[in-house]
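# A structural walkthrough
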Amino acid sequence: MKLSAKWKLKLRALARQYCCTFAALFWLLSITYCGTETPMPPVTLAPGDTATLAPATRADAHAEATPAAVTTLIVPTPFITAPAAAQAAIIPILMYHHLNELPASATELDLTWTVAPENFELQLQWLAERGYHSITMAQVAAHLKEKKPLPRKPIVISFDDGWAEGYSVAFPLLRRYNFLGVYYVYTNPLGKSQFLSRPQLKEMAGAGMDIEAHTLTHPHLRTLAGDAAFKEIAESKTNLEKEIGKPVTSFAYPFGEHNGAITKLVKRAGFSSAVTIAPGYRQRADELYTLHRIRVSYRDTLSEFAARLPN
Ligand SMILES: [Zn+2]
């Protein structure tokens, strides 16, 4: 049978139409069964890298770390994405002062601001076993301010004032459990009896400890005139930076005392964060200069210590 030119054209158009329909059907089937995401190539990280991997959900946030199966995860996974503006990040900042054995005659004040070395080690062991990763205050600020990711189960282990035990007790124990400490040091007594020496400070900074500022003389800042308060705040930063050769970016208010005027001075001095002694572990971007801390005291049992941390 001979087809007219008109019919030939019609048949060709029909064939094209069915061809497109089959192609469309095939595409639909393929994305239904295979998913629509393009598989990601494996990522290889070197130790110390902080490249962002796929962010995990909040449900994973405090799950135990699983060992790396392939070459992709040889460093702690930076995974906690920064919270939305109104939400808080879960970053416990522990606060220690003295690390000593106390006699039975110890006062309430001594008991409040001291932890026995043996208990301190048990606390570090507990944190290590549960997969906590110690971080610096610069990391806290970068997370809250610039949405930089943090390692799994972040924690800050801070020590106030610059007592000698920070070197003799805390430093070796921190290293044993692969943690870093944040030392808020006031600088005038450095090298004096019961305080850290300048070489010790330098050695700890060189070993990865985070050395931060706590004024020159530990005054009640609210009682000082603006200029005097600014000198205490700003010069402690420059003194320490000269001493350790690294930036000092965080400040601890002596006695936890702060107000709007003092916070302004801390910002003017160039600090990117400041810590108080107000309890809690929820940290917000709009509270970068009034961050919360968790005080650890002499009478705290391990379960009381654990109860103050996020589940
Ligand atoms: Zn202090």
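Everything below is about the structure printed above this text.
Scope of this entry: the structure provided in the associated data block.

Cut-offs applied
Residues numbered from 1 in each chain as written. Predicted model: local features only at pLDDT ≥ 70, side-chain atom pairs only at ≥ 80, totals over all residues. Buried ≥ 20, exposed ≤ 12 C-beta atoms within 10 Å, placed from the backbone. Helix = DSSP H or I, 4+ residues; strand = E, 2+ residues; numbered from the N terminus. Pairing = 2+ DSSP bridges. Arc of directions from axis to C-beta. Contact = placed C-beta atoms within 7 Å.

### Thoughts on the pairing of strand S10 (residues 210-213)
Burial along S10 is two-sided: Asp210 and Glu212 and Ile211 and Ala213, pointing in opposite directions, are all buried. Two elements, strand S9 (residues 182-185) and S10, share 4 bridges in a ladder whose sense is parallel. Bridge pairing links Tyr184 to Glu212 in S10.

### Some thoughts on unusual backbone geometry
A positive phi is found at Asp161, a non-glycine position, where the angle reads about 90°. Given 21 C-beta atoms within 10 Å, Asp161 falls into the buried group.

### Re helix H8 (residues 260-268)
Along an α-helix, a turn takes 3.6 residues, which lines up residues three or four apart on a common side. Every buried residue of H8 is listed here: Ile262, Leu265 and Val266. One face of H8 carries all of its buried residues, which in axial projection span an arc of 100°. Exposed positions of H8 whose direction lies more than 90 degrees from the buried face are Gly260, Ala261 and Arg268. Looking at the buried residues of H8, the elements they touch are helix H7 (226-244), strand S11 (250-252) and strand S12 (273-275). Just past H8, the residue Gly270 takes up positive phi, approximately 100°.

### Some words on helix H4 (residues 137-146)
Judged by how many residues are buried, H4 sits mostly within the fold: 7 of 10 residues are covered. Listed as buried for H4 are Met137, Gln139, Val140, Ala141, Ala142, His143 and Leu144. Looking at the residues trailing H4, positive phi occurs at Lys147, about 60°.

### Focus: the environment of Pro219
The residue Pro219 is located in the loop between S10 and H7 in this model. Given 16 C-beta atoms within a 10 Å radius, Pro219 is considered partly exposed. C-alpha separation for the pair Pro219 and Tyr253, spaced 34 residues apart in sequence, amounts to 9.3 Å. Non-local contacts of Pro219, meaning those with residues more than four positions away in its chain, are made with Leu224, Glu232 and Pro254.

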